[in-house]
Amino acid sequence: MVNRALVTLAFLAVPMMAHAEKIAVVDMGEVFEQLPQREQISTSLKAEFGDRVAEVQKMQEEMRSMVEKQQRDGALMSDTQKTDMVRKMESLKSEFQLKGKALDEDMRRRQGEEQNKLLVQVQKVINTIAEKEKYDMVLQRGAVIFVKPDADISGKVVEALSKGK
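This report concerns the structure included in the present document.

Criteria and cut-off values
Each chain has its residues counted from 1, running along the sequence as written. Confidence filtering applies because this is a predicted model: local features only for residues at pLDDT of at least 70, side-chain atom pairs given and counted only at 80 or more, and all residues used for totals across whole chains, interfaces and linings. Only hydrogens and water are removed before side-chain values are computed, so all heavy atoms of the structure are retained for them. Starting at the N terminus, helices and strands are each numbered in turn, a helix being any DSSP run of H or I of at least four residues and a strand any DSSP run of E of at least two. Exposure categories follow from relative accessible area, calculated using a 1.4 Å probe and restricted to protein chains: below 20% of the type maximum is buried, above 50% is exposed, and the middle band is partly exposed. Pairs of residues are marked as contacts when any of their non-hydrogen atoms sit within 4.5 Å. Surface accessibility follows the Shrake-Rupley procedure with a 1.4 Å probe radius. Residue values consider only the protein chains on display as shielding. The angle between two axes is taken between their N-to-C directions and runs from 0 to 180 degrees, where each axis is a line fitted to C-alpha atoms and a helix contributes only its stretch in contact. Here the word oblique covers every angle except those under 35 degrees (roughly parallel), over 145 (roughly antiparallel) and from 65 to 115 (roughly perpendicular). Residues are sorted three ways: Asp, Glu, Lys and Arg are charged, Ala, Val, Leu, Ile, Met, Phe, Trp, Tyr, Cys and Pro are nonpolar, and all the rest, Gly among them, are polar. We define the nonpolar core as a collection of buried residues of types Ala, Val, Leu, Ile, Met, Phe, Trp, Tyr and Cys that are connected through side-chain atoms lying within 4.5 Å of one another. For this analysis, a salt bridge means a side-chain nitrogen from Lys or Arg found within 4 Å of a carboxyl oxygen belonging to Asp or Glu.

Attention shifts here to the overall build of the protein. Counting its regular elements, the protein contains 5 helices and 2 strands. Starting at the N terminus and walking to the C terminus, you meet the elements of the protein as α-β-α-α-α-β-α. A buried classification covers 24% of the 165 residues belonging to the protein. Pairs at least 24 apart in sequence give 83% of the contacts found in the protein among residues at least 6 apart. Only carbon and sulfur atoms are counted for the fraction: they give 55% of the accessible area of the protein, which is about 12400 Å².

Encoded structure:
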């Protein structure tokens, strides 16, 4: 029974091997790591969100100094001073959390937008290379277990995108 299955598989595999397709592989992670546009995106996002990041960091520093003051001078403070200090700290903490969360969400959203723009460029370059070199199929590197180094077009994609900047 096993022999029959193997013979059947062999007969099915022969026509598939006769029509061998030219296949390429792209390591998208490697491509994104090496792109010079990545640094440009990072710089533009830092410029775009720099003021808000500085504001959140200032609030964090202020909270830290209030905690230090409470620990240092807590024994010398009156009950009303302690209560006022705790209220200020709680108010600052809630404002910090709110602004920090909004900043994180906005930065994540903008970074996603920029990465999607870059992904479109990468896909166009992959399609161009595939058509130029007559590949029948281009797979992601993670989808295959083994590939010959000459079938990996990741370097060509990075090179094309680096020239196009």
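Attention now goes to the environment of Ala24. On the secondary structure map, Ala24 appears in strand S1 (residues 23-26). Sequence separation between Ala24 and Ala130 is 106 residues, and the spatial gap between their C-alpha atoms is 7.9 Å. When residues no more than four places from it in sequence are discounted, the contact partners of Ala24 are Tyr135, Met137, Val138, Leu139, Ala151 and Ile153.

Here we come to the packing of helix H3 (residues 36-73) against helix H4 (residues 79-132). Relative to each other, H3 and H4 sit at 170°, their axes nearing to 10 Å. With respect to H4, the axis of H3 lies roughly antiparallel. Grouping the constituent residues of the contact of H3 with H4 by class yields 18 nonpolar, 6 polar and 12 charged.

The next subject is the nonpolar core. Among the nonpolar cores identified, the biggest contains 30 residues, and Val26, Val31, Leu35, Val122, Ile153 and Val157 are the most heavily contacted of them. The set of elements that each furnish at least two residues to this core consists of S1, helix H2 (28-34), H3, H4 and helix H5 (154-164). In this structure, Val122 is in contact with Met28, Val31, Phe32, Leu35, Val157 and Leu161, ignoring residues within four places of it in sequence.

A separate point is the pattern of salt bridges. Taken as a whole and judged by the stated rule, the model has 12 salt bridges. For Glu55, the salt bridge goes to Lys99, with nearest N and O atoms at 2.4 Å. Here Lys99 lies in helix H4 and Glu55 lies in helix H3, a separation of 44 residues in the sequence. On the basis of relative accessible area, Glu55 is assigned to the partly exposed category, the value being 35%.

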